[in-house]
Amino acid sequence: MQPAGVHPRATVDRALTLAGEGRRPAEIARLLAVPVSTVVHWCRGDRRGSRSDGRHEGCPRCHAVPLEEDAYSYLLGAYLGDGYINVGRRGVASLSVFCGDDWPGVASEVREALRAVMPSSSVCDVRRAGCTQIKSYAVHWPCLFPQHGPGKKHTRDIVLAPWQSAIVAEHPGRFLRGLFHSDGCRVTNWATKRTESGVRRYEYPRYHFSNRSEDILGLCTHALDLLDIPWRRSRRDMLSVSTRAGVATLDLVVGPKY
Ligand SMILES: [Zn+2]
């Protein structure tokens, strides 16, 4: 066994993933060949050590902790789509993102992004009917998502802080991936055409993004504009990308949910 503090990031992540799946520390310790006390330490989010304010957390907004901006851009999209912040007693907040059971790959990316953005906190899964609530507790989640507020997102103004807009401008593809992974989809329509060699089937893939918040739709179209992706409003609460070039770009940065 290796002593605590010298374990590669992958081992810590694996331990937290197993913990998120509901495995007990003793079992995780055996699987990964690390001391139980080390596993408990990681799961409590103590990995970065105690901070001067007594909280076992490093907040990229309040402390000199770097922010993984590409992961943040993705998480911001996922949060605006299907995320929720709850502030509980003693100011400990939880950030939850709801992921449908049909897309385990998306759920993994959300877990990864939560860990990358708040490495001092572990991530856990709460089973719900048809979906999983992926949850992370940290005092400082509201610092990172100042859009947090009472009521549904479409009933209040959703405006990004300048530092958030700068991150989206730097990583628009990641932001769109988060948005489309939560409230978007890639659909394929078919059409047949008679040609000299017979009847051929043509595929027309397109992307839809739907959200009841006009502000969130506006943030989505802004990011699409940054990548020169043409879009149109197909419904009051929905926008579509259907040009060949636009779909090709979204295929690179988003792709089908998986
Ligand atoms: Zn903070």
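Everything quoted here is computed from the prediction, not taken from an experiment.

Colleague: Looking at this structure, I do not really get the overall build of the protein chain. What am I missing?
Modeller: On a plain count of helices and strands, the protein chain comes out with 10 helices and eight strands. Its C-alpha atoms give the protein chain principal-axis dimensions of about 70 × 40 × 35 Å. Long-range pairs, those at least 24 residues apart, make up 63% of the contacts in the protein chain between residues at least 6 apart in sequence.

Colleague: Is there a simple way to explain the pairing of strand β2 (residues 93-100) in this structure?
Modeller: Two faces, one strand: in a regular strand the side chains alternate between the faces of the sheet. Of the pairings in the sheet, the one linking strand β1 (residues 83-87) to β2 comprises five bridges and is antiparallel in character. Of the residues in β2, the one forming a bridge with glycine 83 is valine 97. Hairpin connection, β1 to β2: the antiparallel pair is bridged by five residues, and arginine 90 has positive phi, about 60 degrees. In this sheet, strand β4 (residues 131-138) lies alongside β2 in antiparallel orientation, the contact comprising eight bridges. The residue of β4 that forms the bridge with serine 96 is lysine 135.

Colleague: Just to check I follow, could you spell out helix α9 (residues 214-226) for this structure?
Modeller: Since one α-helical turn is 3.6 residues long, residues separated by three or four positions face the same way. Its 13 residues give α9 an end-to-end C-alpha distance of 18 Å, which sits within 8% of 18 Å, the value for a rise of 1.5 Å per residue. Of the positions making up α9, those classed as buried are Ile216, Leu217, Leu219, Cys220, Ala223 and Leu224. The buried residues of α9 occupy one face: seen down the axis, they fall within an arc of 160 degrees. Buried residues in α9 make contact with α4 (69-82), α7 (162-170), α8 (172-183), β6 (198-210) and β8 (238-241). Directly after α9, the chain includes aspartate 228, whose backbone phi takes a positive value near 55 degrees.

Colleague: Explain the nonpolar core to me, please; I cannot follow it from the model alone.
Modeller: Generally speaking, a soluble globular protein has its nonpolar side chains buried in company with each other. Counting residues in hydrophobic clusters, the biggest one holds 45 residues, and the most contacted among them are Leu75, Tyr79, Val110, Ala113, Leu114, Val117 and Cys220. A per-element tally of this core places α4 first, with eight residues. For cysteine 220, the residues in contact, after removing those within four places along its chain, are Leu179, Phe209 and Leu239. Listed in part, the eight residues of the second largest apolar core include Val12, Ile28, Ala29 and Val34.

Reading the values: rules and limits
Residues numbered from 1 in each chain as written. Predicted model: local features only at pLDDT ≥ 70, side-chain atom pairs only at ≥ 80, totals over all residues. Helix = DSSP H or I, 4+ residues; strand = E, 2+ residues; numbered from the N terminus. Contact = placed C-beta atoms within 7 Å. Pairing = 2+ DSSP bridges. Expected span 1.5 Å × (residues − 1). Buried ≥ 20, exposed ≤ 12 C-beta atoms within 10 Å, placed from the backbone. Arc of directions from axis to C-beta. Core = buried A, V, L, I, M, F, W, Y, C linked by C-beta atoms within 7 Å.

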